[in-house]
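Coordinate analysis (summary)
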Amino acid sequence: MNEISCPHCKKAFKVDESGFADIVKQVRDHQFEEELQNRLTIAEREKENAVKLAEATLRNSLQVVLTQKDNDISDLKSQNDRVLAEKLAAKELEIISISSKLENAETEKKLSITQAVQAIEKERDQFANDLKNKETEIQLRENSLTTKFSSELKTKDDIIRLKDEEITLRKDMKLKLSTKMIGETLEQHCEIEFNKLRATAFQKAYFEKDNDSSLGSKGDFIYRENDDAGNEIISIMFEMKNEGDETATKKRNEDFLKELDKDRTEKKCEYSVLVSLLESENELYNTGIVDVSHRYQKMYVIRPQFFIPIITLLRNAALNSMKFKAELNLIKNQNIDITNFEDNINNFKEGFARNYDLASRKFKTAIEEIEKTIDHLQKTKEALLSSENNLRLANNKTEDLTIKKLTLGNATMTAKFDDLSNKSVLE
């Protein structure tokens, strides 16, 4: 027997083991049923609320997205509707199946409900993620299409704007050519444009018509500019070509390039520029400054509105290169000075060698003459020495000469000298 106390009245009473087990069982069954029922009710309510909320949110979101899309994403909307309908139908079937299992399987109620709730929550989360991913995908597609259409629209707007500007420019240029240039040629127009800036931008520049046809042909204008030291900065040969709408035979820019290059070479210009109104519909020449140096060296084709800009561009580039030209001229002058110095050294060497050769030969001749003189003097010396010896011998012989020796063996001369001697004594 076990003694237990009432938690309310604190009264103790005794209960055997079987009675205690019955009480515990009753309490547990009652609590379990109550807790199970509460959880089922809460799960059922949450399930219904989640499904309804998900369905309502999904349909509202899809409805808003679908109403904002155009024909390019209509297929995607239909596909989304079918997928959502299928998923909703599948969820409803699963809910019916779970309800049936709850009604027909009382003993597996707790486990089934737990597994079902977990599965629903997992699928609900997956469904929510799928929905979110689908919304993100739809948003990305929308943004992509919006960006694409905006870009295409902007590009089209830019093209239209550029075309409008080009049309306006062409109309303005044609208007200027048809009104402002009435009574003046394209050459006069370019000359006027240049003279507008001559006093401010081109004070030291030469820009005159090419009147020298001595070589067979001539251009229209020559532009030259030198620095303060007289070094050429830049030179340009200009040719202007205009053709009215009434001209029967249309000329091409290509027809004048060869002759222009010839004029540039003959007049010793660095660049050549064709200012042309020919081929007015040619997009190549209407885009701006056209470099044709792949055909002819340092040659450009421009429209009249680029006449001043081409001079400025080429002039600025030439000014930037003047430093290098000056350094090249300095090196060239240094090389010339070195060459002249080497030439002077060589000339000095050649003159010195020539003079040395002449002096050497004369010196050799003088040595030979001196040697000859020395030899002659030696012979003279020997001759003089021989004469002195002979004189000495003759003197010796003279000193040794006596009357006795002279009259020895000569009776007559002896008698004569005796008589002379006797007479001398008598006197």
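Residues numbered from 1 in each chain as written. Predicted model: local features only at pLDDT ≥ 70, side-chain atom pairs only at ≥ 80, totals over all residues. Heavy atoms only, no water.

Thoughts on the overall build of the protein
Inclusion rule: In this text, helices come from DSSP runs of H or I with a minimum length of four residues, and strands from runs of E with a minimum of two, each type numbered from the N-terminal end. Between buried and exposed lies partly exposed: a residue is buried under 20% and exposed over 50% of the maximum accessible area for its type, with that area taken using a 1.4 Å probe on protein chains only. We call two residues contacting when some pair of their heavy atoms lies within 4.5 Å.
Check the secondary structure of the protein and you find 9 helices and 8 strands. Relative to its 427 residues, the protein shows a buried fraction of 23%. When contacts within the protein are restricted to residue pairs at least 6 apart in sequence, long-range pairs at least 24 apart make up 57% of them.

Details of the nonpolar core
To keep things clear, this is the line we draw: Working definition of a nonpolar core: buried Ala, Val, Leu, Ile, Met, Phe, Trp, Tyr and Cys residues. They are joined through side-chain atoms within 4.5 Å.
Counting 26 residues, the largest nonpolar core has Y223, F238, V275 and F307 as its most contacted members. Broken down by secondary-structure element, the contributors of at least two residues to this core are α4 (186–201), β3 (205–209), β4 (221–226), β5 (232–241), β6 (271–276), β8 (299–302) and α7 (307–400). For F307, the residues in contact, after removing those within four places along its chain, are C190, E193, F194, F207, F238, M240, V275 and I302. Core analysis: the next-biggest nonpolar cluster, separate from the first, contains 12 residues, M237, L257, C269 and V301 among them.

Details of a nonpolar patch on the surface
Inclusion rule: Note that patches include only residues with greater than 30% relative accessible area and no salt bridge, and the join distances are 9 Å for like charges and 5 Å for nonpolar side chains (Val, Leu, Ile, Met, Phe, Trp, Tyr). With residues, only the protein chains shown are counted as cover, and all accessible areas are computed by Shrake-Rupley using a 1.4 Å probe. Salt bridges are defined as contacts in which a side-chain nitrogen from Lys or Arg sits within 4 Å of a carboxyl oxygen from Asp or Glu.
A contiguous nonpolar patch, built from I367, I370 and I374 and spanning about 250 Å² of accessible area, is present on the exposed surface. Turning to its location among the elements, I370 is positioned in helix α7. The class of I370 is partly exposed, set by a relative accessible area of 45%.

Examining α4
Selection criterion: What a helix is expected to span follows from its residue count: subtract one and scale by 1.5 Å. The bend reported for a residue corresponds to the angle between axes fitted to the seven residues ending at that residue and the seven starting there.
Taking 1.5 Å per residue, 16 residues should reach 22 Å; α4 reaches 22 Å between its end C-alpha atoms and fits that length. Of all the bends in α4, the greatest, near 25°, is centred on N195. Inspection of α4 places L186, H189, C190 and F194 among the buried residues, and these make up the whole buried set.

Looking at the sheet that holds strand β7 (residues 290–291)
Threshold: Two strands form a pair only when DSSP identifies at least two bridges running between them.
An order of β3-β4-β5-β6-β8-β7 is seen for the 6 strands of this open sheet, with the pairing classed as mixed. Of all the strands in the sheet, just β3 and β7 have a single pairing partner and so form its edges.

A few points about the pairing of β4
With 5 bridges connecting them, β3 and β4 associate as antiparallel partners. In the strand pairing of β4, Y206 is matched with R224. As paired strands, β4 and β5 are joined by 6 bridges and run antiparallel to one another. Counterpart to Y223 in the pairing with β5 is I236. Counting the residues that bridge the hairpin from β4 to β5 gives 5 residues, and of these G230 lies at a positive phi of roughly 90°.

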